[in-house]
Amino acid sequence: MEVRLDKYLWAVRIFKTRSDAADAVRNNRVLVNDAYAKPSREVKVGDRISVKRTLITYTYLVKDLIINRQPAAKVAEYCIDTTPQSELDKLNKPRETIFVFRERGTGRPTKKERREIDALMENFYYSEEDDSL
């Protein structure tokens with residue numbers, strides 16, 4: 001049996017939709033055996049998949065292949081979560097926030113200001129994890 005990477009990530013519930021999985025693979029947030037891949041790459045039993053999300057890099061080992069989306073209780077039959085405890089500890093780290101000062105009475109941010117804030121937050125969160133891999 002041959003299974004595409006994006007379909008496998010969706011089937012074992014790592015991503016909510018297949019298009020989310022494909023976007024993550026295209027944006028180099030997913031590594032297969034420590035190498036970047038395309039969404040159409042075929043997954044094999046024994047492959048090690050690393051998925052970068054916010055501050056954490058989750059690691060999974062392919063135990064068996066599956067095409068259809070599985071209930072959460074059956075996911076353990078198809079992949080093993082091998083994420084190191086040091087990565088999971090990052091979830092408990094105190095959250096750092098970026099406060100953007102606005103003069104009182106100026107209202108909500110404009111669309112342009114909102115995009116600048118989002119870009120700043122994205123650079124803040126993803127700059128740390130890009131260095132780790």
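Just so it is clear, the model here is predicted, and its values are computed rather than measured.

Asks: So what's going on with the nonpolar core? Residues and values would help.
Replies: L5, Y8, L9, V12, F15, V30 and I49 are the most contacted members of the largest nonpolar core, which has 26 residues in total. Counting only elements with at least two residues in this core, the list comes to α1 (5–11), α2 (18–26), β2 (30–32), β5 (48–53) and β6 (56–62). Setting aside residues up to four positions removed in sequence, L9 forms contacts with I14, F15, A21, V25, V30 and I49.

Asks: Residue-level account of the environment of V32, with values.
Replies: Topologically, V32 is positioned in strand β2. For V32, a relative accessible area of 3% gives the class buried. Put simply, V32 and L5 are 27 residues apart on the chain and 8.9 Å apart in space, counted from C-alpha to C-alpha. Not counting residues up to four positions away in its chain, the partners in contact with V32 are L5, A37, R41, D47, R48 and I49.

Asks: Tell me what's going on with the confidence of the model for the protein chain, and back it up with residues and numbers.
Replies: Summing up the model confidence of the protein chain, the mean pLDDT is 86 and the portion of residues at 70 or higher is 85%. Confidence scores differ between elements of the protein chain, with helix α4 (residues 111–132) showing the lowest mean pLDDT of 74 and β2 the highest of 95.

Asks: A description of the pattern of salt bridges should follow, citing residues and the corresponding values.
Replies: According to the stated counting rule, one finds seven salt bridges in the structure shown. D6 serves as the salt-bridge partner of R4, at 3.1 Å between the closest nitrogen and oxygen. With relative accessibility at 34%, the residue R4 sits in the partly exposed group. Residue classification places D6 among the buried positions, given a relative accessible area of 4%. Two residues, R41 and D47, come together in a salt bridge whose shortest N-O distance is 3.3 Å. Given the relative accessible area of 28%, R41 is considered partly exposed. Residue D47 is classed as buried on the basis of its relative accessible area of 7%.

Asks: Quick one: what's the story with unusual backbone geometry, residue by residue and with numbers?
Replies: The phi dihedral of N28 falls on the positive side, at around 60°, and the residue is not glycine. Relative to the helices and strands, N28 is located in the loop between α2 and β2. Judged by its relative accessible area of 35%, N28 falls in the partly exposed class. Notably, T54 is not glycine yet its phi reads approximately 40°, a positive angle.

Asks: Can you tell me about the pairing of β5, naming the residues and giving the values?
Replies: Pairing of β2 with β5 involves three bridges; the strand directions are antiparallel. Note on β5: the bridge partner recorded for V32 is I49. In this sheet, β6 lies alongside β5 in antiparallel orientation, the contact comprising six bridges. Among the inter-strand pairings, R53 is bridged to a residue of β6, identified as I56. The hairpin formed by β5 and β6 contains two residues between the paired strands, and T54 there has a positive phi angle of roughly 40°.

Rules used throughout
Residues numbered from 1 in each chain as written. Predicted model: local features only at pLDDT ≥ 70, side-chain atom pairs only at ≥ 80, totals over all residues. Heavy atoms only, no water. Core = buried A, V, L, I, M, F, W, Y, C linked by side-chain atoms within 4.5 Å. Buried < 20%, exposed > 50% of the residue type's maximum accessible area, 1.4 Å probe, protein only. Helix = DSSP H or I, 4+ residues; strand = E, 2+ residues; numbered from the N terminus. Contact = heavy atoms within 4.5 Å. pLDDT = per-residue confidence, 0-100. Salt bridge = Lys/Arg side-chain N within 4 Å of Asp/Glu carboxyl O. Pairing = 2+ DSSP bridges.

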